Amino acid sequence: MTSRGPIECWLTDMDGVLMYEGVPIPGAAEFISALTRSRKRFLVLTNNSIYTPRDLHFRLQSAGLDVPVESIYTSALATADFLDTQRPQGSAYVVGEAGLTTALHDAGYILTDTNPDYVVLGETRSYSIGAITRAVRLVAAGAQFIATNPDATGPSPEGIQPACGAVAALITKATGVEPYFVGKPNPLMMRSALNKVGGHSESTAMVGDRMDTDILSGMEAGLETILVLSGLTSREQISQHSFRPLRVENSVADLVELITD
(Lines give C-alpha, C1' and ligand atoms only; values in the text may rest on other atoms or scores of the structure.)
Protein backbone atom coordinates (compact mmCIF):
# COMPACT_ATOMS: atom_id res chain seq x y z
CA MET A 1 0.00 0.00 0.00
CA THR A 2 1.26 3.49 -0.85
CA SER A 3 2.54 5.33 2.21
CA ARG A 4 0.53 8.44 3.08
CA GLY A 5 0.12 10.71 6.07
CA PRO A 6 -2.65 10.55 8.68
CA ILE A 7 -6.20 10.88 7.39
CA GLU A 8 -7.57 14.24 8.50
CA CYS A 9 -10.64 14.38 6.28
CA TRP A 10 -13.07 11.66 5.22
CA LEU A 11 -15.33 11.43 2.19
CA THR A 12 -17.63 8.44 2.17
CA ASP A 13 -20.27 7.09 -0.15
CA MET A 14 -23.67 6.41 1.40
CA ASP A 15 -25.34 3.39 -0.24
CA GLY A 16 -23.28 0.24 0.28
CA VAL A 17 -21.01 1.95 2.80
CA LEU A 18 -23.30 3.34 5.50
CA MET A 19 -26.64 1.90 4.37
CA TYR A 20 -27.77 -1.11 2.36
CA GLU A 21 -31.37 -1.26 1.12
CA GLY A 22 -32.46 1.20 3.81
CA VAL A 23 -30.74 -0.61 6.70
CA PRO A 24 -27.55 0.66 8.41
CA ILE A 25 -24.51 -1.48 7.77
CA PRO A 26 -23.07 -2.86 11.04
CA GLY A 27 -20.41 -0.48 12.28
CA ALA A 28 -21.74 2.55 10.38
CA ALA A 29 -23.11 4.26 13.49
CA GLU A 30 -19.80 3.75 15.30
CA PHE A 31 -17.92 5.09 12.28
CA ILE A 32 -19.99 8.29 12.16
CA SER A 33 -19.78 8.66 15.95
CA ALA A 34 -15.98 8.35 15.81
CA LEU A 35 -15.78 11.04 13.11
CA THR A 36 -17.99 13.37 15.14
CA ARG A 37 -16.24 12.69 18.43
CA SER A 38 -12.78 13.29 16.95
CA ARG A 39 -14.04 16.39 15.12
CA LYS A 40 -12.76 15.09 11.82
CA ARG A 41 -14.04 16.89 8.76
CA PHE A 42 -16.23 14.57 6.71
CA LEU A 43 -18.85 14.47 3.99
CA VAL A 44 -21.29 11.75 3.03
CA LEU A 45 -21.52 11.68 -0.76
CA THR A 46 -24.20 10.22 -2.99
CA ASN A 47 -24.88 10.18 -6.72
CA ASN A 48 -28.59 9.99 -5.93
CA SER A 49 -30.08 13.38 -6.82
CA ILE A 50 -33.66 12.62 -5.73
CA TYR A 51 -33.38 13.86 -2.15
CA THR A 52 -32.28 17.13 -0.58
CA PRO A 53 -29.65 16.99 2.18
CA ARG A 54 -32.42 17.66 4.71
CA ASP A 55 -34.37 14.67 3.37
CA LEU A 56 -31.30 12.44 3.58
CA HIS A 57 -30.45 13.71 7.07
CA PHE A 58 -33.91 12.66 8.25
CA ARG A 59 -33.69 9.25 6.54
CA LEU A 60 -30.25 8.55 8.02
CA GLN A 61 -31.25 9.81 11.46
CA SER A 62 -34.35 7.61 11.42
CA ALA A 63 -32.05 4.66 10.76
CA GLY A 64 -29.79 5.58 13.68
CA LEU A 65 -27.05 7.47 11.79
CA ASP A 66 -26.59 11.05 12.99
CA VAL A 67 -25.16 12.85 9.95
CA PRO A 68 -25.55 16.65 9.98
CA VAL A 69 -27.28 18.26 7.01
CA GLU A 70 -24.12 20.22 6.18
CA SER A 71 -22.15 16.95 6.01
CA ILE A 72 -24.19 15.59 3.08
CA TYR A 73 -23.21 16.35 -0.51
CA THR A 74 -25.23 15.04 -3.44
CA SER A 75 -24.72 14.97 -7.19
CA ALA A 76 -27.58 17.48 -7.38
CA LEU A 77 -25.61 19.96 -5.26
CA ALA A 78 -22.47 19.28 -7.30
CA THR A 79 -24.43 19.89 -10.51
CA ALA A 80 -25.85 23.18 -9.20
CA ASP A 81 -22.37 24.28 -8.06
CA PHE A 82 -20.95 23.43 -11.47
CA LEU A 83 -23.65 25.26 -13.42
CA ASP A 84 -23.27 28.30 -11.16
CA THR A 85 -19.62 28.52 -12.22
CA GLN A 86 -20.44 27.97 -15.89
CA ARG A 87 -23.45 30.24 -16.36
CA PRO A 88 -24.57 32.09 -13.21
CA GLN A 89 -28.29 32.89 -13.00
CA GLY A 90 -29.00 30.63 -15.97
CA SER A 91 -32.06 28.61 -16.90
CA ALA A 92 -32.70 24.89 -17.12
CA TYR A 93 -35.31 22.34 -18.04
CA VAL A 94 -35.08 19.67 -15.34
CA VAL A 95 -36.01 16.02 -15.44
CA GLY A 96 -35.66 15.10 -11.79
CA GLU A 97 -37.05 15.54 -8.32
CA ALA A 98 -36.84 17.88 -5.32
CA GLY A 99 -33.16 17.26 -4.61
CA LEU A 100 -32.22 18.62 -8.03
CA THR A 101 -34.81 21.34 -8.45
CA THR A 102 -34.13 22.71 -4.95
CA ALA A 103 -30.36 22.79 -5.56
CA LEU A 104 -30.79 24.66 -8.84
CA HIS A 105 -33.29 27.11 -7.33
CA ASP A 106 -30.88 27.79 -4.47
CA ALA A 107 -28.16 28.50 -7.06
CA GLY A 108 -30.38 31.15 -8.63
CA TYR A 109 -31.50 29.16 -11.64
CA ILE A 110 -34.80 29.62 -13.42
CA LEU A 111 -36.54 26.34 -14.25
CA THR A 112 -38.36 26.51 -17.56
CA ASP A 113 -39.18 24.50 -20.67
CA THR A 114 -38.98 27.60 -22.89
CA ASN A 115 -35.58 28.04 -24.54
CA PRO A 116 -33.50 26.96 -21.50
CA ASP A 117 -29.73 27.20 -21.40
CA TYR A 118 -29.50 23.60 -20.19
CA VAL A 119 -31.41 20.37 -20.04
CA VAL A 120 -30.48 18.82 -16.68
CA LEU A 121 -31.24 15.15 -16.15
CA GLY A 122 -31.27 13.60 -12.70
CA GLU A 123 -32.70 10.60 -10.91
CA THR A 124 -36.43 10.23 -10.40
CA ARG A 125 -38.69 7.55 -9.02
CA SER A 126 -40.54 7.30 -12.35
CA TYR A 127 -39.32 8.75 -15.64
CA SER A 128 -42.07 10.35 -17.73
CA ILE A 129 -41.91 9.68 -21.47
CA GLY A 130 -43.44 13.14 -21.95
CA ALA A 131 -40.65 14.80 -19.95
CA ILE A 132 -37.99 12.78 -21.79
CA THR A 133 -39.50 13.71 -25.15
CA ARG A 134 -39.43 17.39 -24.18
CA ALA A 135 -35.80 17.02 -23.11
CA VAL A 136 -34.93 15.41 -26.46
CA ARG A 137 -36.54 18.28 -28.38
CA LEU A 138 -34.81 20.94 -26.30
CA VAL A 139 -31.38 19.30 -26.65
CA ALA A 140 -31.97 18.93 -30.39
CA ALA A 141 -32.82 22.64 -30.49
CA GLY A 142 -29.49 23.58 -28.89
CA ALA A 143 -29.82 23.38 -25.10
CA GLN A 144 -26.67 22.08 -23.41
CA PHE A 145 -27.10 18.58 -21.95
CA ILE A 146 -26.06 17.97 -18.33
CA ALA A 147 -26.68 14.84 -16.23
CA THR A 148 -26.15 14.44 -12.52
CA ASN A 149 -24.54 10.99 -12.64
CA PRO A 150 -23.71 8.17 -15.06
CA ASP A 151 -25.16 5.25 -13.04
CA ALA A 152 -27.07 3.07 -15.52
CA THR A 153 -29.02 1.21 -12.85
CA GLY A 154 -30.11 1.78 -9.28
CA PRO A 155 -31.37 -0.48 -6.52
CA SER A 156 -34.98 -1.01 -5.50
CA PRO A 157 -36.71 -3.57 -3.27
CA GLU A 158 -37.84 -5.38 -6.44
CA GLY A 159 -34.38 -5.40 -8.04
CA ILE A 160 -32.39 -3.09 -10.28
CA GLN A 161 -34.13 -0.31 -12.17
CA PRO A 162 -33.04 2.11 -14.92
CA ALA A 163 -31.19 5.12 -13.57
CA CYS A 164 -29.87 8.43 -14.86
CA GLY A 165 -27.16 6.99 -17.10
CA ALA A 166 -29.60 4.72 -18.93
CA VAL A 167 -32.07 7.54 -19.58
CA ALA A 168 -29.21 9.82 -20.67
CA ALA A 169 -28.25 7.18 -23.23
CA LEU A 170 -31.81 7.28 -24.59
CA ILE A 171 -31.63 11.07 -25.05
CA THR A 172 -28.17 10.75 -26.63
CA LYS A 173 -29.43 8.10 -29.05
CA ALA A 174 -32.27 10.40 -30.10
CA THR A 175 -30.17 13.56 -30.43
CA GLY A 176 -26.57 12.50 -31.01
CA VAL A 177 -25.56 14.75 -28.09
CA GLU A 178 -23.54 13.33 -25.19
CA PRO A 179 -24.24 14.74 -21.71
CA TYR A 180 -21.68 16.09 -19.32
CA PHE A 181 -21.93 13.94 -16.18
CA VAL A 182 -21.10 15.88 -13.00
CA GLY A 183 -21.30 13.16 -10.34
CA LYS A 184 -18.90 10.34 -9.57
CA PRO A 185 -16.63 9.18 -11.16
CA ASN A 186 -16.04 12.74 -12.37
CA PRO A 187 -13.28 14.04 -10.06
CA LEU A 188 -15.04 17.41 -10.31
CA MET A 189 -17.42 16.21 -7.60
CA MET A 190 -14.48 15.14 -5.43
CA ARG A 191 -12.78 18.53 -5.82
CA SER A 192 -16.04 20.32 -5.02
CA ALA A 193 -16.44 18.13 -1.93
CA LEU A 194 -12.87 18.88 -0.83
CA ASN A 195 -13.47 22.61 -1.23
CA LYS A 196 -16.70 22.35 0.74
CA VAL A 197 -15.09 20.57 3.67
CA GLY A 198 -11.75 22.38 3.49
CA GLY A 199 -9.75 19.22 2.91
CA HIS A 200 -6.50 18.47 1.05
CA SER A 201 -6.04 15.51 -1.25
CA GLU A 202 -2.91 14.21 0.47
CA SER A 203 -4.69 13.88 3.82
CA THR A 204 -8.20 12.87 2.66
CA ALA A 205 -9.67 9.38 2.21
CA MET A 206 -12.49 8.32 -0.08
CA VAL A 207 -14.47 5.33 1.20
CA GLY A 208 -16.73 3.55 -1.28
CA ASP A 209 -18.19 0.24 -2.35
CA ARG A 210 -17.89 0.69 -6.14
CA MET A 211 -14.71 0.55 -8.15
CA ASP A 212 -16.15 2.34 -11.19
CA THR A 213 -17.40 5.41 -9.32
CA ASP A 214 -16.11 5.79 -5.76
CA ILE A 215 -12.61 4.38 -6.12
CA LEU A 216 -12.01 5.75 -9.62
CA SER A 217 -13.07 9.29 -8.68
CA GLY A 218 -11.07 9.19 -5.46
CA MET A 219 -7.97 7.93 -7.25
CA GLU A 220 -8.21 10.58 -9.98
CA ALA A 221 -8.59 13.29 -7.33
CA GLY A 222 -5.45 12.07 -5.55
CA LEU A 223 -7.19 10.79 -2.42
CA GLU A 224 -6.47 7.71 -0.34
CA THR A 225 -8.95 5.17 -1.67
CA ILE A 226 -10.62 2.60 0.58
CA LEU A 227 -12.93 -0.04 -0.85
CA VAL A 228 -15.39 -1.68 1.54
CA LEU A 229 -16.94 -5.03 0.63
CA SER A 230 -20.31 -4.28 2.26
CA GLY A 231 -21.95 -3.11 -0.98
CA LEU A 232 -21.82 -3.96 -4.66
CA THR A 233 -18.18 -5.02 -5.14
CA SER A 234 -16.76 -8.37 -4.06
CA ARG A 235 -13.08 -9.02 -3.47
CA GLU A 236 -12.98 -11.17 -6.62
CA GLN A 237 -14.29 -8.32 -8.79
CA ILE A 238 -11.44 -5.98 -7.89
CA SER A 239 -9.12 -7.70 -10.37
CA GLN A 240 -11.53 -6.94 -13.22
CA HIS A 241 -10.34 -3.32 -13.12
CA SER A 242 -7.01 -1.92 -14.25
CA PHE A 243 -6.66 0.16 -11.07
CA ARG A 244 -6.70 -0.75 -7.39
CA PRO A 245 -7.83 0.84 -4.13
CA LEU A 246 -5.07 1.57 -1.66
CA ARG A 247 -6.93 -0.33 1.05
CA VAL A 248 -9.66 -3.01 1.10
CA GLU A 249 -11.78 -3.64 4.20
CA ASN A 250 -14.90 -5.65 4.94
CA SER A 251 -16.84 -2.59 6.14
CA VAL A 252 -16.50 0.81 7.80
CA ALA A 253 -16.45 -1.04 11.12
CA ASP A 254 -12.82 -1.85 10.27
CA LEU A 255 -12.01 1.86 9.82
CA VAL A 256 -13.05 3.14 13.25
CA GLU A 257 -9.61 2.44 14.67
CA LEU A 258 -8.05 4.70 12.01
CA ILE A 259 -9.98 7.72 13.28
CA THR A 260 -7.84 9.40 15.90
CA ASP A 261 -8.34 12.60 17.86
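> I'd like a rundown of the overall build of the protein chain, residues and numbers included.
When helices and strands are tallied, the protein chain shows 8 helices and 15 strands. Against the 2.2 N^0.38 benchmark of 18 Å for 261 residues, the protein chain shows a C-alpha radius of gyration of 18 Å, consistent with a compact globule. Summarising its shape, the C-alpha atoms of the protein chain cover approximately 55 × 35 × 35 Å along the three principal directions. Looking at the protein chain as a whole, 52% of its 261 residues are labelled buried. A separation of at least 24 residues holds for 65% of the contacts in the protein chain among residues at least 6 apart in sequence. Taken as a whole, the protein chain presents about 12,000 Å² of accessible surface, with 50% of it coming from carbon and sulfur. For the protein chain, the distance from the average position of its 19 positive side-chain charges to the average position of its 29 negative side-chain charges is 3 Å.

> How would you explain the pattern of salt bridges if you had to name every residue and give the values?
Applying the stated rule across the entire model yields 9 salt bridges. Across the pair K40 and E8 runs a salt bridge whose closest N-O atoms are separated by 3.1 Å. Placement of K40 in the loop between α1 (28-37) and β4 (41-46) and of E8 in the segment before β1 (9-13) is noted, with a sequence separation of 32 residues between them. Its relative accessible area of 11% is what places K40 among the buried residues. R210 is the salt-bridge partner of D151, the closest N and O atoms lying 3.5 Å from each other. Here the residue D151 occupies a position in the loop between β9 (144-147) and β10 (153-154), and R210 occupies one in the loop between β13 (204-208) and α8 (211-220), the gap between them amounting to 59 residues. By relative accessible area, which is 12% here, D151 ends up buried.

Calculation notes
- Residues numbered from 1 in each chain as written.
- Predicted model: local features only at pLDDT ≥ 70, side-chain atom pairs only at ≥ 80, totals over all residues.
- Heavy atoms only, no water.
- Helix = DSSP H or I, 4+ residues; strand = E, 2+ residues; numbered from the N terminus.
- Rg over C-alpha atoms; globule rule 2.2 N^0.38 Å.
- Buried < 20%, exposed > 50% of the residue type's maximum accessible area, 1.4 Å probe, protein only.
- Contact = heavy atoms within 4.5 Å.
- Areas by Shrake-Rupley, 256 points an atom, 1.4 Å probe, with all protein chains shown as cover.
- Lys, Arg positive; Asp, Glu negative; His and termini not counted.
- Charge placed at Lys NZ, Arg CZ, Asp CG, Glu CD.
- Salt bridge = Lys/Arg side-chain N within 4 Å of Asp/Glu carboxyl O.

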